[in-house]
Amino acid sequence: NTPIKYEIVKRLFAAKDKPISGQQLADELQISRTAVWKYMKQLEEEGYEFEATRKKGYLLQKSPDTLDPSKIKALLETERFGREIIYEESLTSTQTIAHQLAQEGALDGTLVICEEQTEGRGRLMREWKSQKGKGIWMSIIMRPDVAPYQAPQFTLVAAVALTYAIFDVTGVSPAIKWPNDLLINGMKCTGILTEMQADPDRVNAIIMGIGINVNHQQEDFGEEIASIATSLRISLGKEIDRAALVAKILYYMEAFSKQYVAEGFEKIKTLWEKNSCTIGNRIKATTLRETFIGKAVGITKDGVLQLLLDDGTIKEIISADIEL
Ligand code: BT5
């Protein structure tokens with residue numbers, strides 16, 4: 001029961017740069033031409049802009065940047081992901097809330113999303129800056145049938161899904177920095193945080209945290225991260241509709257995680273390597289205990305990073321911070 005206005009928005013998005021006629025909308029939605037016209041006026045009042053030509057119809061020029069769950073749902077192309085959405089203005093952390101909901105039995109694909117996080121976090125409890133209304137701060141509760149050792153690979157699955165979604169919606173191609181960052185021109189625009197709830201031999205839930213700087217302008221980044229962070233808007237030069245991006249992320253997350261569970265890591269690995277800026281470069285990897293310098297030569301079928309050290313040996317790195 002999607003509101004009709006969002007059924008219209010969905011069709012305008014799907015048509016991309018081909019106009020849709022009022023008659024076509026009226027036929028498809030089984031409403032009158034006058035009703036279509038009224039909905040278009042309503043959408044215009046909400047900030048949508050169309051190019052309307054008498055003969056050809058409507059072409060979407062601009063859509064306002066809101067995360068209204070019913071809009072996200074209207075744009076979904078998924079079976080399960082995003083069919084349940086918890087949306088709030090402000091949350092401590094979408095991860096924390098998603099963990100609670102997962103324990104209470106939330107369904108596979110449940111999305112927790114908000115405008116602002118007051119205690120957003122990265123790995124090792126580092127702070128994740130989540131400015132109000134600027135980014136996508138979301139967690140997906142996933143219930144794949146996998147063993148706990150397979151959970152870290154979902155970070156790489158997510159990285160691939162995110163590069164596809166971002167490219168589809170914006171035309172920008174971020175590079176994947178092992179294990180959990182997406183970069184544009186060497187600056188971080190996205191961080192991924194994969195956590196799980198598991199028994200010794202079975203995953204109950206993966207809580208997939210995704211933070212994307214979307215509509216930030218340079219001055220929106222505080223001093224702490226101004227020199228390392230960037231946003232999609234800075235790269236693209238115009239505002240992006242976050243709801244449309246969220247819907248695409250859910251689409252690719254569902255598709256690639258399904259593929260991973262059904263067919264294993266091999267195909268994801270190939271896509272990951274193609275989009276990675278880590279492989280082939282000399283890097284410094286800092287683990288909790290040690291620092292290694294060498295050439296990143298690949299990832300294993302488990303997503304572990306292989307570093308060719310200067311003494312000719314290969315060091316396998318499971319988790320680290322990387323400097324290029
Ligand atoms: C990450 O950690 O990159 C994972 C970030 C995951 C955030 C999402 S948002 C939705 C969900 N709810 C949460 O509470 N978290 C997830 P890590 O690799 O540890 O990187 C953290 C480091 O990135 C920080 O120490 C800063 O240096 C930097 N940083 C913090 N905020 C940033 C931002 N908005 N953009 C770019 N870099 C940032």
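What you are looking at is a predicted structure, and each value in this text was computed from that prediction instead of being measured.

1. Focus: the nonpolar core
- Ranked by size, the top nonpolar core spans 81 residues in total, and within it M138, I140 and I249 carry the most contacts.
- If one sorts the elements of this core by residue count, helix 8 (residues 242-263) sits on top with 11 residues.
- In this structure I249 touches I136, M138, L162, A165, I210 and I212, once residues within four positions along its chain are discounted.
- The next biggest cluster of nonpolar side chains, apart from the first, holds 12 residues, and it includes L91, W137, A205 and I207.

2. With respect to the side chain of T278
- Relative to the assigned elements, T278 resides in the loop between helix 9 (266-274) and strand 10 (282-286).
- Within polar-contact distance, the side chain of T278 engages the backbone nitrogen of W178 at 2.9 Å.
- Filtering out sequence-adjacent residues up to four positions away, T278 remains in contact with I176, K177, W178, I283, A296, L305 and L324.

3. Here we look at the sheet that holds strand 10
- Reading across the sheet, the five strands line up as 13-12-11-10-14 and stay open at both edges, with antiparallel pairing between neighbours. Looking at strand neighbours, the two that pair on one side only are strand 13 (314-317) and strand 14 (321-323), the edges of this open sheet. Neighbour-to-neighbour, the strand axes of this sheet turn through a mean angle of 45 degrees, independent of strand direction.
- Alignment of strand 11 (residues 291-299) against strand 12 (residues 305-309), held across five bridges, turns out to be antiparallel. Of the residues in strand 12, the one forming a bridge with G294 is L309.

Cut-offs applied
Residues numbered from 1 in each chain as written. Predicted model: local features only at pLDDT ≥ 70, side-chain atom pairs only at ≥ 80, totals over all residues. Heavy atoms only, no water. Core = buried A, V, L, I, M, F, W, Y, C linked by side-chain atoms within 4.5 Å. Buried < 20%, exposed > 50% of the residue type's maximum accessible area, 1.4 Å probe, protein only. Helix = DSSP H or I, 4+ residues; strand = E, 2+ residues; numbered from the N terminus. Contact = heavy atoms within 4.5 Å. Polar contact = N/O pair within 3.5 Å; in protein donor to acceptor, adjacent residues only side chain to side chain. Pairing = 2+ DSSP bridges. Axes fitted to C-alpha atoms, helices over the stretch in contact; angles between N-to-C directions.

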